[in-house]
Amino acid sequence: MTTRPQKHSLTLRGHRTSVSLERPFWQAFTDIAAARGLAINALAAEVDENRPADCGLATAIRLFVLADYQRRLR
């Protein structure tokens with residue numbers, strides 16, 4: 001398994017973009033979207049809308065995945 005980030009294409013409110021994420025983060029993000037019954041682009045748009053201005057989208061997704069994991073531990 002490679003630890004290097006891989007680019008993933010997303011469409012956020014009609015705008016094409018990409019994020020570079022490590023495979024485990026991308027897989028966890030897609031798993032969360034599926035568990036919530038959301039398309040990956042819809043969940044990415046939600047994360048994008050709620051991230052601080054000084055936080056990149058890839059970082060926001062990683063932090064979102066971490067927060068979801070931590071919620072499950074409680």
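Scroll up for the structure.
By the definition in use, this model includes 8 salt bridges. Residues R13 and D48 are paired through a salt bridge, measuring 2.6 Å at the closest nitrogen-oxygen approach. With R13 in the loop between β1 (6-12) and β2 (15-21) and D48 in helix α2 (residues 40-50), this residue pair connects regions lying 35 residues apart in the sequence. Residue R13 is classed as exposed on the basis of its relative accessible area of 52%. Measuring nitrogen to oxygen at the nearest pair gives 3.9 Å for the salt bridge that ties D68 to R36. Taken together, the residues span a long stretch of sequence, with D68 in helix α3 (residues 57-73) and R36 in helix α1 (residues 23-36) at a distance of 32 residues.

Looking at where K7 falls in the secondary structure, it is placed in strand β1. We classify K7 as exposed; its relative accessible area is 65%. Measuring from C-alpha to C-alpha, the distance between K7 and I40 comes to 14 Å, with 33 residues separating the pair along the chain. Residues contacting K7, with those up to four places away along its chain left out, are S18, V19 and S20.

Basis of the calculations
- Residues numbered from 1 in each chain as written.
- Predicted model: local features only at pLDDT ≥ 70, side-chain atom pairs only at ≥ 80, totals over all residues.
- Heavy atoms only, no water.
- Salt bridge = Lys/Arg side-chain N within 4 Å of Asp/Glu carboxyl O.
- Helix = DSSP H or I, 4+ residues; strand = E, 2+ residues; numbered from the N terminus.
- Buried < 20%, exposed > 50% of the residue type's maximum accessible area, 1.4 Å probe, protein only.
- Contact = heavy atoms within 4.5 Å.

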